[in-house]
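The lines below spell out each chain.
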Amino acid sequence: MAELQFREAIKAAIDEEMARDEKVLVMGEEVAEYNGAYKTTEGLLDKYGYKRVIDTPISELGFAGIGVGAAMNGLRPIVEFMTFNFAVLAADQIINHASKVKYMTGGQIDCPIVFRGPNASAGQLGATHSVAYDSMYAHFPGLKVIYTSEPDDAKGLLKSAIRDDNPVLFMESEQMYGLKGEVSDEEDYIIPIGKGKIKREGEQVTLVAHGKMYHLAVQAAKELAKDGVECEIIDPRTVKPLDLPLIIESIKKTNRCVILDEAHPFGGLAAEVGFLIQREAFDYLDAPVQRVTLPDVCAPFAKNLFDLWYPSVKQVVDAVNQVTYRN
Amino acid sequence: MAKKKSGNVEFAPRGIGDEKSGAVQKGVDLPAATKSKHKDLGLSAAKLKAMYEQMYLQRRFEERAMQQYQKGKFGGFLHLYIGQEAISTGTTFALNDDDDIITAYRDHGWGLCRGISANEGMAELFGKATGCSRGKGGSMHFAKAENHFWGGYGIVGGHIPIGGGLAFANKYEQNGRISTCFFGDGAVDQGALHETFNIAQLWKLPAIFVVENNGYSMGTAARRHTVADIVDRADGYGMKSAVINGMDVFSVYEKMKEIADDVRKNSEPWFVEIRTYRYRGHSMSDPQKYRTKEELEEYQKIDPIERLKTYILENDIAKEAALEKIEEKVEQEVLDAVEFADNSDFPKDEELYEDMFVEDNPYFHT
Ligand SMILES: Cc1ncc(C[n+]2csc(CCOP(=O)(O)OP(=O)(O)O)c2C)c(N)n1
Ligand SMILES: [Mg+2]
């Protein structure tokens, strides 16, 4: 095991796949000469040159679409967005084209592309830079969506994403890039897309948490453990396909569940998982499933309002107390 | 079957380190400044002093803001306008007060020009309830709608169609107002600009679209992210266009006034490229390896504020002492603003749910 920062794990995954397959290339704003706005592509220009590490203009719709066309024509582009908040401009290419081209051509055309970059909020960056988009993309057939929480998952899943013959959205976080974690140094380390992971075992409550929310769940579980409440934490890692059996297995053991989601409440991952649990494990539940999400409000700038807006450990603890009838 | 070619394949143009001559590479080529004197432009001595005060205020406001940021008084992004003040100042002096202005996130100078006080501006940076956007927006979203300053926007190019929409409403209402929309060289590459230009020309919208070309889009030199001269875009749409020296407030004032008159009279859009330079990094965390110190110094030598000061002194419009008085007044205004921001309250908790909808008690999903 080697200890790597999140950004190093991402870079390692890209590097290994570029070394393995000449068809893999990276394009995006500031990815080459600037070495990446968040240094996830540092050194790749030096190593692979201007042909395969490409700075783009601020033309999200254009370069995402060029990535789609290149993928249809045999390449394996990794398209980086400075954040998924800017990928909104490219949504037509992702949603109307990448996700649908195979189906509407009767299977003739594959689109092996990875769209990646940071997702969701990164502190006080205001209303337009703070939205979590994983659930939104997961809504659309034809897309796979990954939002990982730790460097090890990031490395293994990004390698899988690059090798996948379908369009995959791979989401990161500005606030996690510096986070360190043990990463397997197994040669060619691959984690299959669609497999979640039990990251903490516990008997009393299941916490489902991915991306940045996973770390909130860990903090809450520590607090609750002091009180004798042992949480099981499941990190789905992949939003779609979702590892439902893993979640259901856990519910059958704990009979209670709190879902953490960095998105707004309406129609997000929390809503989906909540529905699935009632469908698949209704008889096992000892309390209604609860969720901790952002409120149904845009991101405010002011520090105090931002802190109020962002999900907190206390909200998770309260939700656990609710499902365990401890309040 | 096509034969496979070998050889070097490249896509994006290369940047720094690729130049061979050793000469300083300039981010932008400045066109000549106007030869007009203040009297030719109809600017009184009082107006010149007001211009000087306005530019000096923008400069000192941001220098103090930067200090406060570095002290950790507030967070988020902070994009400084330092070096570009002649554009906001020349333009606002050239426009009518009820003409519309909309800009991108590098918006402090524009806000100050359009009546956001130093207090309200600094408080917004600090995220306080007394800020111009009540602490909801921060640095990127200064706004003063009552003064027809529609605000700063954070999605590159996102506000270009909106600038067209402001003009659409003005034409619809036949109210005699024109709208102006400012954005960076990076925004020129967005599809939104091209769609808007086509519609604006087709529908004859009374709008001035202005690119503040400061040579860089974050760490990417303009010649590395966009083709040809930016202003040439206008030709493709049959749009009237101009290039202006943005380091000289007279040049900006003169040309923008002329263009504003034309737009008001003929209701036709313009595309204007104002060339300028930003002295500071893109935002506060920018190592600036994409440009040389020498290049920066070339532009600092022709600083727009110093230039106006020299003009005022050389033409005996005001004495050194009078300008010093202005500077002292501004200095105090900005220091007071820091104190005001620091002492102001944060928004109240319940304000988190305010301003989402027009109703008093709107529905929120839980
Ligand atoms: C759609 C979108 N893509 C990317 C960004 C990130 N970004 C913010 S500013 C910027 C550079 C813009 O440069 P320019 O338009 O020249 O304006 P300047 O900063 O020079 O004033 C980038 C890439 C963004 N805010 N919005
Ligand atoms: Mg620029």
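Residues numbered from 1 in each chain as written. Chains lettered and ligands numbered in written order. Predicted model: local features only at pLDDT ≥ 70, side-chain atom pairs only at ≥ 80, totals over all residues. Heavy atoms only, no water.

(A) Geometry of the pattern of salt bridges. Evaluated as defined, the whole model comprises 50 salt bridges over all chains. Here Arg 163 of chain A ties to Glu 17 of chain A by a salt bridge, and the two come within 2.8 Å at their closest N and O atoms. Of this pair, Arg 163 of chain A sits in helix H8 (residues 151-163) while Glu 17 of chain A is found in helix H1 (residues 6-20), placing the two residues 146 residues apart along the sequence. Asp 248 of chain B serves as the salt-bridge partner of Arg 307 of chain B, at 3.1 Å between the closest nitrogen and oxygen. In this pair, Arg 307 of chain B is assigned in helix H11 (residues 304-314) and Asp 248 of chain B in the loop between strand S7 (240-245) and helix H9 (249-266), connecting sequence segments 59 residues apart. The partly exposed category is assigned to Arg 307 of chain B, whose relative accessible area is 34%. Residue classification places Asp 248 of chain B among the buried residues on the basis of a relative accessible area of 7%. When salt bridges that share partners are traced, they join Glu 16, Glu 17, Arg 20, Lys 155, Lys 159, Arg 163 and Asp 188 of chain A into one network. (Salt bridge = Lys/Arg side-chain N within 4 Å of Asp/Glu carboxyl O. Helix = DSSP H or I, 4+ residues; strand = E, 2+ residues; numbered from the N terminus. Buried < 20%, exposed > 50% of the residue type's maximum accessible area, 1.4 Å probe, protein only.)

(B) Region of interest: the pairing of strand S5 (residues 114-118) of chain A. All names here are of chain A. Of all five residues that make up S5, five are buried, and the element is covered over most of its length. With three bridges connecting them, strand S4 (residues 76-80) and S5 associate as parallel partners. Among the inter-strand pairings, Glu 80 is bridged to a residue of S5, identified as Arg 116. Two elements, S5 and strand S7 (residues 168-172), share five bridges in a ladder whose sense is parallel. Across the sheet, the residue bridging to Arg 116 is Phe 170, located in S7. (Pairing = 2+ DSSP bridges.)

(C) View of the coordination of the magnesium ion (ligand 2). All names here are of chain B. Only Asp 185 (OD), Asn 214 (OD1) and Tyr 216 (O) from the protein reach the magnesium ion (ligand 2) as donors, at distances of 2.1 Å. Site description for the magnesium ion (ligand 2): donor spacing in sequence, D-x28-N-x1-Y. For Asn 214, a relative accessible area of 6% translates into the label buried. (Donors = N, O, S within 2.8 Å, 3.2 Å for Na, K, Ca; no water.)

(D) Representation of the sheet that holds strand S2 (residues 24-28) of chain A within the structure. Residues and elements named next belong to chain A. Spatial strand order, S3-S2-S4-S5-S7-S6-S12: seven strands in an open sheet with mixed pairing. Each having just a single partner strand, strand S3 (53-55) and strand S12 (238-240) make up the two edges of the open sheet. Averaged over neighbouring strand pairs, the angle between their axes works out to 20° when direction is ignored. As defined by bridge partners, S2 adjoins S4 across five bridges and the pair is classed as parallel. Bridge pairing in S4 places Met 27 opposite Val 79. (Axes fitted to C-alpha atoms, helices over the stretch in contact; angles between N-to-C directions.)

(E) Geometry of the interface of chain B and chain A. If you look at the interface, chain B gives 49 residues, while chain A gives 34 residues. Taken together, both faces of the contact between chain B and chain A bury some 3,500 Å²; the carbon and sulfur share is 65%. Three residues stand out in chain B for area buried against chain A, namely Ile 155, Leu 352 and His 365 of chain B, and they jointly supply 19% of the buried area on that side. In this structure, Arg 224 of chain B engages Glu 33 of chain A in a salt bridge whose closest nitrogen and oxygen atoms are separated by 3.4 Å. Run the count over chain B and chain A and you get 14 residue pairs in polar contact (both at pLDDT 80 or more). (Contact = heavy atoms within 4.5 Å. Buried area = accessible area lost by both parts, 1.4 Å probe. Polar contact = N/O pair within 3.5 Å; in protein donor to acceptor, adjacent residues only side chain to side chain.)

(F) The arrangement of the sheet that holds strand S11 (residues 231-235) of chain A in detail. Residues and elements named next belong to chain A. Spatial ordering of the open sheet is given by S9-S11-S10-S13-S14, a layout of five strands whose pairing is mixed. Every other strand in the sheet has two partners, leaving strand S9 (197-200) and strand S14 (290-292) as the edge strands with one partner each. When the angles between neighbouring strand axes are averaged without regard to direction, this sheet yields 25°. By the bridge criterion, three bridges tie S9 to S11 in an arrangement that is antiparallel. What sits directly across from Lys 197, in S11, is Asp 235. Where helix H10 (residues 244-254) meets the sheet, its contacts fall on S9, strand S10 (205-208), S11 and strand S13 (257-260), and the angle it forms with S11 comes to roughly 175°.

(G) Focus on a negative patch on the surface. The grouping of Glu 3, Glu 182, Asp 185 and Glu 186 of chain A at the surface amounts to a negative patch. Along the chain, Glu 182 of chain A turns up in strand S8 (residues 180-183). (Patch = residues over 30% accessible without salt bridge, like charges linked within 9 Å, V, L, I, M, F, W, Y side chains within 5 Å. Areas by Shrake-Rupley, 256 points an atom, 1.4 Å probe, with all protein chains shown as cover. Lys, Arg positive; Asp, Glu negative; His and termini not counted. Charge placed at Lys NZ, Arg CZ, Asp CG, Glu CD.)

(H) Spotlight on the domain arrangement of chain A. Residue and element names in this part refer to chain A. Here chain A is described as being made up of domain 1 (2-183) and domain 2 (197-323). Just the C-alpha atoms count here: the centres of domain 1 and domain 2 sit 26 Å apart. Contact with domain 1, which involves 28 residues of that partner, is made by 27 residues of domain 2. Carbon and sulfur atoms supply 55% of the area buried between domain 1 and domain 2, which totals about 2,100 Å² over both sides. One can count three salt bridges joining domain 1 with domain 2. Arg 237 is paired through a salt bridge with Asp 153; the nearest N and O atoms lie 2.9 Å apart. For the interface between domain 1 and domain 2, the tally reads 19 residue pairs in polar contact (both at pLDDT 80 or more). Of all elements in the fold, only helix H7 (134-138), strand S6 (144-147) and H8 reach the threshold of two or more residues within the side of domain 1 that touches domain 2. At four residues, S6 tops the list of elements feeding residues into the side of domain 1 that touches domain 2. (Domains from an automatic or database assignment.)

(I) View of the site of ligand 1. In the neighbourhood of ligand 1, 22 residues make up the surrounding shell, with Glu 60 of chain A together with Tyr 105, Arg 106, Gly 154 and Asn 214 of chain B lying closest. Chain contributions to the surroundings of ligand 1 come from chains A and B. One of the side-chain N or O atoms of Asp 185 of chain B is found 2.9 Å from an oxygen atom in ligand 1. For ligand 1, whose free accessible area comes to 580 Å², the fraction covered by protein is 96%. (Near = heavy atom within 4 Å.)

(J) Quick peek at a nonpolar patch on the surface. All names here are of chain B. Residues Phe 168, Tyr 172, Ile 199, Leu 202 and Trp 203 make up a contiguous nonpolar surface patch of roughly 580 Å² in combined accessible area. Secondary structure elements with two or more residues in the nonpolar patch: helix H5 (160-173) and helix H6 (191-202). Mapping Trp 203 onto the fold places it in the loop between H6 and strand S4 (207-213). We classify Trp 203 as partly exposed; its relative accessible area is 45%.

(K) Representation of H1 of chain A. Helix length check: H1 of chain A (15 residues) gives 21 Å between terminal C-alpha atoms against 21 Å at 1.5 Å per residue, within 8%. Along H1 of chain A, the residues that are buried comprise Phe 6, Ala 9, Ile 10, Ala 12, Ala 13, Ile 14, Asp 15, Glu 17 and Met 18 of chain A. (Expected span 1.5 Å × (residues − 1).)

(L) Seen up close, the pairing of strand S3 (residues 179-184) of chain B. All names here are of chain B. With five of six residues buried, S3 is to be regarded as a mostly interior element. With three bridges connecting them, strand S1 (residues 100-104) and S3 associate as parallel partners. Residue pairing for S3: Ile 101 is matched across the bridge by Thr 180. Relative to S4, S3 is paired through six bridges, and the arrangement is parallel. By the bridge assignment, Cys 181 is partnered in S4 with Phe 209. With H6 bridging S3 and the parallel S4, this β-α-β connection has right-handed handedness. (Right-handed = clockwise from strand over helix to strand, strands pointing away.)

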